[in-house]
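Breakdown of the fold
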Amino acid sequence: MWSSLKAYSVPSISYDKITEKEVNRRVIMKISIIGAGKMGTAIIKGLINNGQNPKQILVKTGHYENALNLRQSLGITAVQALSDLATSDIYILATPATLITKTLSELSNINQQNAPIISVAAGVSFDEMLAIYPNAPLLRCIPNTPVAINQGMTSFSTSSHLSDNQKTLAINLLNQLGHTIEVPEDKLGIAGTIAGCSPAFIDVFIEALSDAAVTNGLDRALSYEIITEMMKGSAALAAESKIHPGILKDDVTSPGGDTIKGVVALEKNNFRFAVIDAINTILQD
Ligand SMILES: NC(=O)C1=CN([C@@H]2O[C@H](COP(=O)(O)OP(=O)(O)OC[C@H]3O[C@@H](n4cnc5c(N)ncnc54)[C@H](OP(=O)(O)O)[C@@H]3O)[C@@H](O)[C@H]2O)C=CC1
Ligand SMILES: O=C(O)[C@@H]1CCC=N1
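All of these numbers come straight from a predicted model, not from anything done at the bench. (Residues numbered from 1 in each chain as written. Chains lettered and ligands numbered in written order. Predicted model: local features only at pLDDT ≥ 70, side-chain atom pairs only at ≥ 80, totals over all residues. Heavy atoms only, no water.)

The next thing to look at is the site of ligand 2. Around ligand 2 sit Ala 122, Gly 196 and Cys 197, and that is every residue in its neighbourhood. About the coverage of ligand 2: the protein hides 39% of its 240 Å² of free accessible area. (Near = heavy atom within 4 Å. Areas by Shrake-Rupley, 256 points an atom, 1.4 Å probe, with all protein chains shown as cover.)

Inspection of the region around ligand 1 gives 22 residues, with Ala 36, Met 39, His 63, Asn 66 and Thr 95 positioned closest. Between ligand 1 and Gly 37 there is a distance of 2.9 Å, counted from an oxygen atom to a backbone nitrogen or oxygen. Relative to its unbound accessible area of 900 Å², ligand 1 is 73% covered by the protein chains. For the shell around ligand 1, the per-class residue count stands at twelve nonpolar, eight polar and two charged. (Polar contact = N/O pair within 3.5 Å; in protein donor to acceptor, adjacent residues only side chain to side chain. Nonpolar A, V, L, I, M, F, W, Y, C, P; charged D, E, K, R; others polar.)

For the rest of this paragraph, the subject is the pairing of strand β8 (residues 178-182). A regular strand places its side chains so that they alternate between the two faces of the sheet. Where strand β7 (residues 152-158) meets β8, five bridges bridge the pair, whose relative direction is parallel. Across the sheet, Gly 152 pairs through a bridge with Gly 178, a residue of β8. You can see the chain leave β7, run along helix α6 (residues 164-175) and come back into β8, and the turn it takes is right-handed. (Pairing = 2+ DSSP bridges. Helix = DSSP H or I, 4+ residues; strand = E, 2+ residues; numbered from the N terminus. Right-handed = clockwise from strand over helix to strand, strands pointing away.)

Another aspect to go through is the UniProt feature "binding site: NADP(+)" (unreviewed entry) in the chain. With numbering aligned to this structure, UniProt lists the feature "binding site: NADP(+)" (unreviewed entry) at Ile 34, Gly 35, Ala 36, Gly 37, Lys 38, Met 39 and Thr 61. A maximum C-alpha distance of 12.3 Å among these annotated residues, which run over 28 residues, shows that they cluster at one spot. With a relative accessible area of 14%, Ala 36 lands in the buried category. In this structure Ala 36 touches Thr 41, Ile 44, Val 59, Lys 60, Thr 61 and Leu 70, once residues within four positions along its chain are discounted. Tracing the backbone shows Thr 61 in the loop between β2 (57-60) and α3 (64-74). For Thr 61, a relative accessible area of 9% gives the class buried. Those residues in contact with Thr 61 that lie beyond four places of it in its chain are Ala 36, Asn 66 and Ala 67. (UniProt positions renumbered as here; feature names shortened; annotations may be inferred. Buried < 20%, exposed > 50% of the residue type's maximum accessible area, 1.4 Å probe, protein only. Contact = heavy atoms within 4.5 Å.)

Here the focus is the pairing of strand β6 (residues 138-142). With five of its five residues buried, β6 lies for the most part within the structure. With three bridges connecting them, strand β5 (residues 117-119) and β6 associate as parallel partners. Its bridge partner lying in β6, Ile 117 is registered against Leu 138. Once you follow β5 into helix α5 (residues 126-132) and on to β6, the crossover reads as right-handed.

Turning to helix α8 (residues 220-241), a few remarks are in order. With 22 residues, α8 ought to run about 32 Å at 1.5 Å a step, and its terminal C-alpha atoms sit 31 Å apart, in line with that. Of all the residues in α8, the buried ones are Ser 223, Ile 227 and Met 231. The buried residues of α8 occupy one face: seen down the axis, they fall within an arc of 60°. More than 90 degrees from the buried face of α8, the exposed residues found are Ala 221, Glu 225, Lys 232 and Glu 240. Along its buried surface, α8 packs onto α7 (185-215). N-cap assignment for α8: the residue whose side-chain oxygen lies 3.2 Å from the backbone N of Ala 221 is Asp 219. Directly after α8, the chain includes Lys 242, whose backbone phi takes a positive value near 60°. (Expected span 1.5 Å × (residues − 1). Arc of directions from axis to C-beta.)

Below, the discussion takes up the side chain of Ser 155. With respect to the helices and strands, Ser 155 occurs in strand β7. Using a relative accessible area of 3% as the deciding quantity, one classes Ser 155 as buried. Excluding its chain neighbours within four sequence positions, the residues that come into contact with Ser 155 are Arg 140, Cys 141, Ile 142, Ile 181, Val 183, Leu 188, Ala 191 and Gly 192.

Next up, the structure:
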């Protein structure tokens, strides 16, 4: 049986007073996650994989039973009310974007330690959030679902109200989840879309390749193994060699061979434009 929130207490600290060294040393923190659906849960899993004590992850969801289910499966501490998160060391907002300003408004009343706040909500700007919670120590980021296995790609921007220590603390947390890159806020939309949304496109691609494999008689599970290993290797080759993707493609297309026929068929079907159009369509919203 997990202990109740009241029975469990982690000492908290003021981030305005501690030194950078202390921030860096403080691996175990009391982390509050507000909203734990697909993204919030992926973050929780990544933190636990990295050695974070699950009991020190406090989770508030829209429906309490969902937080209780996570307590059952992951061992986190489920809370019923936002006010239960008053002495947190860091906050992660992972509710639907439409609820972010309402949540921040409530948080402005309970953030006793002026702890840093990470918002993962796509499309909710610093200006919108600071209008609700002036001077909030905010970091905006767009992670992606591979954070669940610490192989995420998270782009982030920081507000001017985040002190150096608060920034270090927040970035240290994100770094536990995979690769991070700081971008100006006006680039967060496109950087976040490329990394945050594209896992779904990759999954559609995996599924389509697998359907083609099965159509041609390959076992489904075997096809997934082959495809995902091929993708890991192709991504690693591009990342490690930094060779232009056009050249890597040319290395595969033997003259008069099979691959170029497939590339031509993809071009005939507007593969490149389909991808560009997908991203542009998201950003036009
Ligand atoms: N999914 C992804 O890959 C990515 C998502 N994001 C961002 O993450 C955020 C969440 O997206 P996603 O996880 O996909 O959505 P989900 O619908 O899966 O999760 C939403 C979560 O918010 C909770 N919630 C709803 N109302 C409240 C409330 N009043 N207080 C606390 N929690 C509440 C829900 O709880 P309950 O179900 O119990 O109601 C649920 O846990 C969005 O802002 C999105 O932009 C960013 C990058 C990638
Ligand atoms: O689909 C969405 O809106 C969120 C943001 C990035 C990935 N998922």
